[in-house]
Amino acid sequence: MNADPAPTATANPRPLTAAGRVPVRAATSADAEGIIRMRSAHVLSAPLDEEWIRRSADELAPRLAPAGDARAFVVDTADGAMAACALGLIHPVLSAPAYPRGLAARVHIVATHPGFRRRGYARAVVTTLLEHLADAEDVTLFEVHASVEAQPLYRELGFTGSPALMRMTRLPAATASAPENGSAWMPPEQYAETVLKATAFACVHFTDQDGRPLQLHSVYSPGHPWQMVGGTMDHGERPFETAVRECREETGLTVSGPPRLLATVYGLPGAQWPYSTIGMVFDGGRLTAEQIRGITLNPREHDEVRVLPLAEWEALMPARDFARLSAVEEARSTGVAAYFGTWDWGNE
């Protein structure tokens, strides 16, 4: 609920201009049905029937009033229909340094009519909604359940986390203390929401006695059919510990130290994964033919072990995978660890 008894949304909405060109106005109770119909037609997987549209609109209308807990902004078409809308619901939370007024808001609906997409309307209504909630309603904690397609916009606006729950905090300028160097201090839990989020993995690179790279064939990742031995780090693990554990789980082999780093791998988030990726590839050495024959695969992850000369791997894997494998091979031959910084998601 809105903690301030004074009205914070005008009864006669005034046009705003987001990004200097998109006319955005504040919604009123009269817009409730239009917002619900936009949600039904362009957000939900199955549209609402007329009874549910009426019931939802009747519920939303009083909440859009100045004393209510809902705020929305819309872009109208030339004939007065609704081209885009964004709805936020304000709710109380326990006060904390990052939430001094004890108010949070969930971005509940963002919808654009298909005929008006690619014009910046979604960005305009969302940006205006966030600015209004922060400046006029004193909301400092924002949450949104985003689609994978929409997450780049929310990340650009300051949200972090996975699409299932993205969060952002905005402290009013008056509550942020600025030291002499000009940077504002934030409580650790608030600052943690603003920094890069990344997943980490660790791999072991094996070859046979003739120096031919060994790869495992994936049963779950058609985009990366041939893979090094390795996987995602568990909580509390260090990278080499992950490499040793994954190697044991995926092949039955035991790797002993000391660890020798062959490559550091970094990738930006994309449509396939919402986080950056950081990985380390360690040298597992040369395996004998007997050791290779003795590999025991986890059938839930891999179904084949193959050893080939490096050049022959190029035709069997995406270009980016082969480039990484080539960098790891060069690092082993030169003794200089590689930096492979283009392991981005969704760029095949």
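Anything mentioned here points back to the structure above.
Everything numeric here is computed off the predicted structure, so don't read it as measured data.

**Student:** It is not clear to me how the overall build of the protein chain should be interpreted in this structure. Could you clarify?
**Tutor:** Assigned secondary structure in the protein chain consists of 9 helices and 16 strands. When burial is assessed residue by residue, the protein chain has 45% of its 348 residues classed as buried. Counted over contacts in the protein chain with a minimum sequence separation of 6, partners at least 24 positions apart contribute 62%. Of the accessible surface of the protein chain, which amounts to about 17,800 Å², a share of 56% is contributed by carbon and sulfur atoms.

**Student:** Just to check I follow, could you spell out the packing of aromatic side chains for this structure?
**Tutor:** Both the distance between ring centres and the angle between the ring planes are used here to describe each pair of aromatic rings. For the coordinates displayed, the defined rule picks out 5 aromatic pairs. Note on Tyr154 and Phe159: the rings are 5.5 Å apart at their centroids and 85° apart in plane angle, and the pair reads as edge-to-face. Here Tyr154 and Phe159 have matching classes, each one buried. In this arrangement the basic side chain of Arg55 is found over the ring face of Trp52, its NZ or CZ atom lying 4.1 Å from the centre. Positioned above the aromatic ring of Trp343, the side-chain terminus of Arg320 is 4.5 Å from the ring centre.

**Student:** Looking at this structure, how should I read the environment of Thr112?
**Tutor:** With respect to the helices, strands and loops of the structure, Thr112 is situated in strand β5 (residues 103-112). Between the alpha carbons of Thr112 and Arg39 there is a distance of 9.2 Å; along the sequence they are 73 residues apart. In contact with Thr112, other than residues within four places in its own chain, are Met38, His42, Ala83, Ala84, Arg117, Tyr121 and Ala122.

**Student:** Sorry if this is basic, but what is going on with the nonpolar core here?
**Tutor:** Generally speaking, a soluble globular protein has its nonpolar side chains buried in company with each other. Counting 30 residues, the largest nonpolar core has Val75, Leu130, Phe142, Tyr154 and Phe159 as the members making the most contacts within it. Taken together, the elements giving at least two residues each to this core come down to β2 (22-26), β3 (70-76), β4 (82-92), β5, α3 (121-135), β6 (141-144), α4 (151-157) and β8 (165-169). If one sorts the elements of this core by residue count, α3 sits on top with 8 residues. Residues contacting Phe142, with those up to four places away along its chain left out, are Ala105, Leu130, Leu133, Ala134, Phe159, Met166, Arg167, Met168 and Arg170.

**Student:** What exactly am I supposed to notice about the environment of Phe116 here?
**Tutor:** Here Phe116 lies in the loop between β5 and α3. Separated by 32 residues in sequence, Phe116 and Ala84 place their C-alpha atoms 7.9 Å apart. Apart from the residues lying within four places of it in its own chain, the contact partners of Phe116 are Thr77, Ala83 and Tyr121.

**Student:** Looking at this structure, I do not really get the sheet that holds strand β11 (residues 226-227). What am I missing?
**Tutor:** Pairing between the strands of a sheet is mediated by backbone hydrogen bonds and can be parallel or antiparallel. Read from one edge of the open sheet, 3 strands run β11-β10-β15, paired in antiparallel fashion. At either margin of the open sheet sits one strand with a lone partner, and together these are β11 and β15 (302-307). In this sheet, β15 lies alongside strand β10 (residues 214-218) in antiparallel orientation, the contact comprising 5 bridges. The residue bridging His217 from the neighbouring strand is Glu304, located in β15.

**Student:** What is the right way to look at unusual backbone geometry in this model?
**Tutor:** Peptide bonds are mostly trans, and most non-glycine residues show a negative phi. Cis rather than trans, the peptide bond between Gly257 and Pro258 has omega equal to 0°. Along the polypeptide, Pro258 turns up in the loop between α6 (239-251) and β13 (261-267). One non-glycine residue, Arg118, lies in positive phi territory at about 65°. Tracing the backbone through its elements, the reader meets Arg118 in the loop between β5 and α3. Looking at Arg118, the relative accessible area reads 87%, which means it is exposed. You will see that Asp138, though not glycine, has its phi angle at about 60°, which is positive. On the secondary structure map, Asp138 appears in the loop between α3 and β6. Assessed through its relative accessible area of 22%, Asp138 is described here as partly exposed.

**Student:** Which parts of the structure should I look at to understand the sheet that holds β13?
**Tutor:** On the basis of which strands lie adjacent, the open sheet formed by 5 strands has the order β12-β9-β14-β13-β16 and mixed pairing. The open sheet is flanked by β12 (229-232) and β16 (338-340), the only strands paired with a single partner. Ignoring strand direction, the axes of neighbouring strands in this sheet form an average angle of 15°. Relative to strand β14 (residues 276-287), strand β9 (residues 198-208) runs parallel, the two sharing 11 bridges. Counted as the bridge partner of Phe206 is Gly285 from β14.

Scoring rules and cut-offs
Residues numbered from 1 in each chain as written. Predicted model: local features only at pLDDT ≥ 70, side-chain atom pairs only at ≥ 80, totals over all residues. Heavy atoms only, no water. Helix = DSSP H or I, 4+ residues; strand = E, 2+ residues; numbered from the N terminus. Buried < 20%, exposed > 50% of the residue type's maximum accessible area, 1.4 Å probe, protein only. Contact = heavy atoms within 4.5 Å. Areas by Shrake-Rupley, 256 points an atom, 1.4 Å probe, with all protein chains shown as cover. Phe/Tyr/Trp six-rings, centres within 6.5 Å; stacked < 30°, edge-to-face > 60°. Lys NZ or Arg CZ within 6 Å of the ring centre and 35° of its normal. Core = buried A, V, L, I, M, F, W, Y, C linked by side-chain atoms within 4.5 Å. Pairing = 2+ DSSP bridges. Axes fitted to C-alpha atoms, helices over the stretch in contact; angles between N-to-C directions.

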